[in-house]
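Survey of secondary and tertiary structure
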Amino acid sequence: MNLSNESFVPNWSGSLSEGKAAWKSPSNIALVKYWGKHGIQLPNNPSVSFTLNNCNTQTSLQWSPKAGTDSKRTFLFEGEKNPEFGQKSFSFIEKIADYAPWLKELDLIIDTKNTFPHSSGIASSASGMSALALGLMSIEESLNADLSQDEFFQKASFLARIGSGSASRSLYGGLVQWGTHKESIGSDLFGTAYEHPVHDVFKTYRDTVLLVDRGQKQVSSTVGHGLLKDHPFADTRYQLAGKNLSAFRPVFANGDIDGFIDIVEREALMLHALMMTSNPYFILMKPNTLAIIEQIWAYRNESNIPVSFTLDAGANVHLLFPSEYEQKVSEFVDSELVGYCQNKQYICDHVGSGPERLNND
Ligand code: 2P0
C-alpha cells in the first residue's frame with residue numbers, strides 16, 4: 001500500500017469544541033506471530049491474527065478546549081485513578097502528537113475498563129491501545145467532516161500500532177494481517193482485514209484461554225522483541241513467518257483444519273523457541289503449559305476432534321477449535337484441563353467482528 005507516515009499528518013484544520021465518544025475494542029490472538037521490530041514499532045515480519053470478542057477494553061473519552069495554558073489529562077481505570085496505566089496512555093498520546101496535533105489544544109478525560117482480569121496474562125495492550133486510538137479518531141472525525149470510514153479505521157490502526165504493535169490488528173473483525181508480504185496489500189504501518197478468501201469454519205472459530213499463570217512476566221514483550229536484534233535465528237525466523245503466512249492462504253480458503261493445526265502449533269512453539277535461544281535466554285512457559293499441550297495432543301489423537309493450541313508471550317494456552325465441537329471440548333476442558341489453570345480459571349472466547357462504537361452514557 002502506497003502510504004507513508006506523512007499520509008497520516010492532518011492537512012486540514014477544524015474548529016475545536018467539546019465532545020464525548022466511547023468504544024469497545026477486542027484483544028486478538030496471533031496465528032503467525034509478530035516477534036522482532038524496528039523503528040517506531042514496525043514489524044520485522046508479517047503477522048496474522050484472529051480478532052477475539054469477549055476479551056475487550058471499553059474506553060470512553062471526553063474532550064474540551066483546554067481551560068489553562070497546558071492541556072490537562074485525566075485517566076481513570078475502572079472508575080479510579082491508576083497512575084501506572086495512565087502513564088502508558090499519556091506516553092502514547094505524546095508519541096502520536098505529529099499525527100494528532102489538535103491534542104495539545106484539548107483537555108482529555110479517559111475512562112477505561114477491561115472485561116478480563118488485568119493480571120490474567122492476557123495482553124491488554126492490544127485492546128487498550130486500539131480502544132484509545134478509536135476514541136482519538138472520534139475526535140478527529142468531529143474536526144474533519146471529509147474523513148471516510150475506511151480512513152477512520154486505517155488511521156486508528158496506524159495510531160494503535162504506535163502504542164503497541166499487536167494493537168494494530170484489533171481494528172477489524174475476523175482475520176487481520178499486519179506487515180508487508182509479497183502476496184498482499186498489507187502494510188507495516190497499519191493492519192488490514194485479511195484480503196484472501198476465508199472458509200466459514202474460521203469465521204466462528206473458538207478460543208478458550210486457559211489461564212495458567214496470572215503473575216507478572218519476568219520479561220516484557222518489548223524486551224523480548226529487542227532480543228531478536230542479535231538473534232542467530234532471526235533472519236530464518238522472518239523468512240519462515242512469511243512462508244507460514246503464504247501456507248495459511250489455501251488453508252484459510254479451503255477450511256483445511258489439519259493444515260491449520262500444523263501451522264498454528266509450529267508458530268506457537270517457534271515463538272517460544274526464539275525466547276529460549278535469545279541472549280539472555282528466557283522461558284515464559286510453565287510446567288502446566290506443557291502439561292496442557294500434552295493433554296491437547298492426547299485428546300486430539302484419541303477423539304479425532306481437531307483441537308489445537310497457540311501461545312502468546314506468556315504461560316497461558318489458547319485452545320483453538322471449530323465451533324461445532326463446542327460442547328465436547330467444553331467437557332474436555334472441565335474434566336482434563338481446568339486442574340492446570342490457576343484458580344481453575346479460563347475464558348471462553350471466539351472470533352469476533354471487530355470494534356464497536358458505544359453509546360456515550
Ligand atoms: C503477537 N506478541 O503477534 C506477538 C506474539 C506476543 C506474542 O505482539 O512492544 O505487546 O507493544 O509492540 O504488541 C506482544 O507484543 O509488543 C506481541 P509492543 P506487543 O501478538
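About the criteria used
- Residues numbered from 1 in each chain as written.
- Predicted model: local features only at pLDDT ≥ 70, side-chain atom pairs only at ≥ 80, totals over all residues.
- Heavy atoms only, no water.
- Buried < 20%, exposed > 50% of the residue type's maximum accessible area, 1.4 Å probe, protein only.
- Helix = DSSP H or I, 4+ residues; strand = E, 2+ residues; numbered from the N terminus.
- Pairing = 2+ DSSP bridges.
- Near = heavy atom within 4 Å.
- Polar contact = N/O pair within 3.5 Å; in protein donor to acceptor, adjacent residues only side chain to side chain.
- Areas by Shrake-Rupley, 256 points an atom, 1.4 Å probe, with all protein chains shown as cover.
- Domains from an automatic or database assignment.
- Contact = heavy atoms within 4.5 Å.
- Buried area = accessible area lost by both parts, 1.4 Å probe.
- Salt bridge = Lys/Arg side-chain N within 4 Å of Asp/Glu carboxyl O.
- Axes fitted to C-alpha atoms, helices over the stretch in contact; angles between N-to-C directions.
- Core = buried A, V, L, I, M, F, W, Y, C linked by side-chain atoms within 4.5 Å.
- Parallel < 35°, antiparallel > 145°, perpendicular 65-115°, else oblique.
- Left-handed = near helix turned anticlockwise from the far one by under 90°.
- Nonpolar A, V, L, I, M, F, W, Y, C, P; charged D, E, K, R; others polar.
- Expected span 1.5 Å × (residues − 1).
- Arc of directions from axis to C-beta.

1. What to know about the pairing of strand S8 (residues 175–178)
Side chains Leu175 and Gln177 of S8 all project onto a buried face; the interleaved residues Val176 and Trp178 project onto the opposite face, where all are buried too. Here three bridges tie S8 to strand S9 (residues 191–193), and the two strands are oriented antiparallel to one another. Note that in S9 the partner of Trp178 across the bridge is Gly191.

2. So, the site of the ligand
Taken together, 16 residues are adjacent to the ligand, and Tyr34, Lys37, Ser164, Ser166 and Arg169 come closest. In this structure, an oxygen atom belonging to the ligand sits 3.2 Å away from a side-chain N or O atom of Thr222. Calculation on the ligand without its partners gives an accessible area of 460 Å², and the protein chains cover 92% of this total. The leading source of residues in the shell around the ligand is helix H4 (residues 221–226), at three residues. Viewed by domain, the shell around the ligand spans two of them, domain 1 (5–196) and domain 2 (200–350), each represented by three or more residues.

3. A word on the domain arrangement of the protein chain
Annotation of the protein chain at the domain level lists domain 1 (5–196) and domain 2 (200–350). For domain 1 versus domain 2, the separation of C-alpha centres amounts to 25 Å. Each partner contributes to the interface: domain 1 provides 32 residues, whereas domain 2 provides 41 residues. Around 3200 Å² of area is buried between domain 1 and domain 2 when both sides are counted, 65% of it from carbon and sulfur atoms. If you sort the residues of domain 1 by the area they bury against domain 2, Leu31, Lys33 and Trp35 come out on top, with a joint share of 26%. One salt bridge in this structure joins Arg249 and Glu183, with 3.4 Å as the shortest N-O distance.

4. A look at the sheet that holds strand S12 (residues 317–321)
Strand order in the open sheet formed by four strands is S11-S12-S10-S13, with antiparallel pairing between adjacent strands. Strands at the two margins of the open sheet, each flanked by one partner only, are strand S11 (308–311) and strand S13 (346–350). Put simply, the sheet's adjacent strands are angled 25° from each other on average, direction ignored. Packed on one face of the sheet, helix H6 (residues 257–276) meets S11 and S12 and runs near 30° to S11. Strands strand S10 (206–210), S11 and S12 of the sheet are contacted by helix H7 (residues 287–303), whose axis makes an angle of about 155° with S11.

5. Remarks on the side chain of Asp107
Tracing the sequence through the fold places Asp107 in strand S7 (residues 106–114). For Asp107, the side chain forms a polar contact with the main-chain nitrogen of Lys72, separated by 2.7 Å.

6. Considering unusual backbone geometry
Along the chain, Asn279 connects to Pro280 via a cis peptide bond; the corresponding omega equals 5°. Its place among the elements puts Pro280 in the loop between H6 and H7. At Asn304, a residue that is not glycine, the phi angle is positive and equals roughly 65°. Its location among the elements puts Asn304 in the loop between H7 and S11.

7. Structural notes on the nonpolar core
Leu136 and Ile139 are the most contacted members of the largest nonpolar core, which totals 39 residues. Looking at this core, the elements that each hand over two or more residues are strand S1 (19–32), strand S4 (47–65), strand S5 (73–77), helix H1 (83–95), S7, helix H2 (125–143) and helix H3 (149–163). Take this core: its biggest share by element is eight residues, from H2. Dropping the residues within four chain positions of it, Ile139 is found in contact with Leu61, Trp63, Trp102, Leu106 and Leu108. In terms of nonpolar packing, the next biggest core, distinct from the first, is built from 23 residues, Leu31, Tyr194, Tyr205 and Ile263 among them.

8. Some thoughts on the packing of H2 against H3
Viewed as axis vectors pointing N to C, H2 and H3 meet at an angle of 135°, and their least axial separation amounts to 8 Å. In terms of orientation, H2 lies oblique with respect to H3. For the pair H2 and H3, the crossing hand works out as right-handed. Taking contact as the criterion, the partners of Met129, Ser130, Ala133, Leu134, Met137, Ser138, Glu140 and Glu141 in H2 are, on H3, Gln149, Phe152, Phe153, Lys155, Ala156, Leu159, Ala160 and Gly163. In terms of residue class, the contact of H2 with H3 is made up of nine nonpolar, four polar and three charged.

9. Here's the deal with H1
In this model, H1 (13 residues) spans 18 Å end to end at C-alpha, consistent with the 18 Å of a helix rising 1.5 Å per residue. Every buried residue of H1 is listed here: Phe85, Gly86, Ser89, Phe92 and Ile93. Buried residues of H1, seen end-on, are gathered within an arc of 125° and therefore sit on one face of the element. Pointing more than 90 degrees away from the buried face of H1 are the exposed residues Pro83, Glu84, Glu94 and Lys95. At its buried positions, H1 is contacted by S5, S7, H2 and H3.

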